[in-house]
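# Observations on the model geometry
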Amino acid sequence: MRYLALAADYDGTLATDGRVDAQTVAGLEQLIASGRKLILVTGRQLDELLEIFPQISLCERVVAENGALLYRPATREQKGL
């Protein structure tokens, strides 16, 4: 079975103490290079996430604010749910 996307939480999964380390970013870049998509799912507010995760453009979509907001980094489009 081939997986097409990875959905991951931010805090405690991708990030430790609020930050994503270089090794994790490299792994995410490999995931993207393989043709897969990254979907970030988090309870964090979008504005805070944009400040602390400069590599957010690696994500195809971001489900933020405990599911209340869908964000597309490529276009900066936000959609409230």
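Preceding block: the structure.
Of regular secondary structure, the protein chain possesses two helices and five strands. Listing the helices and strands of the protein chain from first to last along the sequence gives β-α-β-α-β-β-β. At 12 Å, the protein chain has a C-alpha radius of gyration in line with the 12 Å of a compact globule built from 81 residues. Burial statistics for the protein chain: of 81 residues in total, 31% are counted as buried. A separation of at least 24 residues holds for 37% of the contacts in the protein chain among residues at least 6 apart in sequence. Summing over all exposed atoms, the protein chain offers an accessible surface of approximately 5200 Å²; the carbon and sulfur share of this is 49%.

It is worth spelling out the side chain of T42 at this point. Along the polypeptide, T42 turns up in the loop between β2 (37-41) and α2 (46-52). For T42, a relative accessible area of 5% gives the class buried.

This part covers the nonpolar core. In this structure, Y10, L40, F53 and V62 are the most contacted members of the largest nonpolar core, which totals 21 residues. Aside from chain neighbours lying at most four places away, what touches Y10 is A15, G18, R19, V20, L40, V41, T42, R44, L49, I52 and F53.

Our next topic: the sheet that holds strand β1 (residues 5-9). Reading across the sheet, the five strands line up as β1-β2-β3-β4-β5 and stay open at both edges, with mixed pairing between neighbours. The sheet terminates laterally at β1 and β5 (77-80), the two strands that pair on one side only. Each adjacent strand pair in this sheet contributes to an overall mean axis angle of 20 degrees, direction not counted. Both strand β3 (residues 61-64) and strand β4 (residues 69-72) contribute to a ladder of three bridges, which runs antiparallel. Directly across from A64, in β4, lies its bridge partner L69.

Before going further, it helps to spend a moment on the pattern of salt bridges. Tallying each qualifying case throughout the model produces four salt bridges. E60 is the salt-bridge partner of R61, the closest N and O atoms lying 3.4 Å from each other. The exposure class of R61 is partly exposed, given its relative accessible area of 23%. Look at E60 and you get partly exposed, because its relative accessible area is 34%. Each of the salt bridges in this network shares a partner with another, and the network as a whole consists of D11, R44 and E48.

Another point: the pairing of β1. Note: β1 against β2, five bridges, orientation parallel. Considered in β2, the bridge of A8 is made with L40. The parallel pair β1 and β2, bridged by helix α1 (residues 22-33), forms a crossover whose chirality is right-handed.

About the thresholds
Residues numbered from 1 in each chain as written. Predicted model: local features only at pLDDT ≥ 70, side-chain atom pairs only at ≥ 80, totals over all residues. Heavy atoms only, no water. Helix = DSSP H or I, 4+ residues; strand = E, 2+ residues; numbered from the N terminus. Rg over C-alpha atoms; globule rule 2.2 N^0.38 Å. Buried < 20%, exposed > 50% of the residue type's maximum accessible area, 1.4 Å probe, protein only. Contact = heavy atoms within 4.5 Å. Areas by Shrake-Rupley, 256 points an atom, 1.4 Å probe, with all protein chains shown as cover. Core = buried A, V, L, I, M, F, W, Y, C linked by side-chain atoms within 4.5 Å. Pairing = 2+ DSSP bridges. Axes fitted to C-alpha atoms, helices over the stretch in contact; angles between N-to-C directions. Salt bridge = Lys/Arg side-chain N within 4 Å of Asp/Glu carboxyl O. Right-handed = clockwise from strand over helix to strand, strands pointing away.

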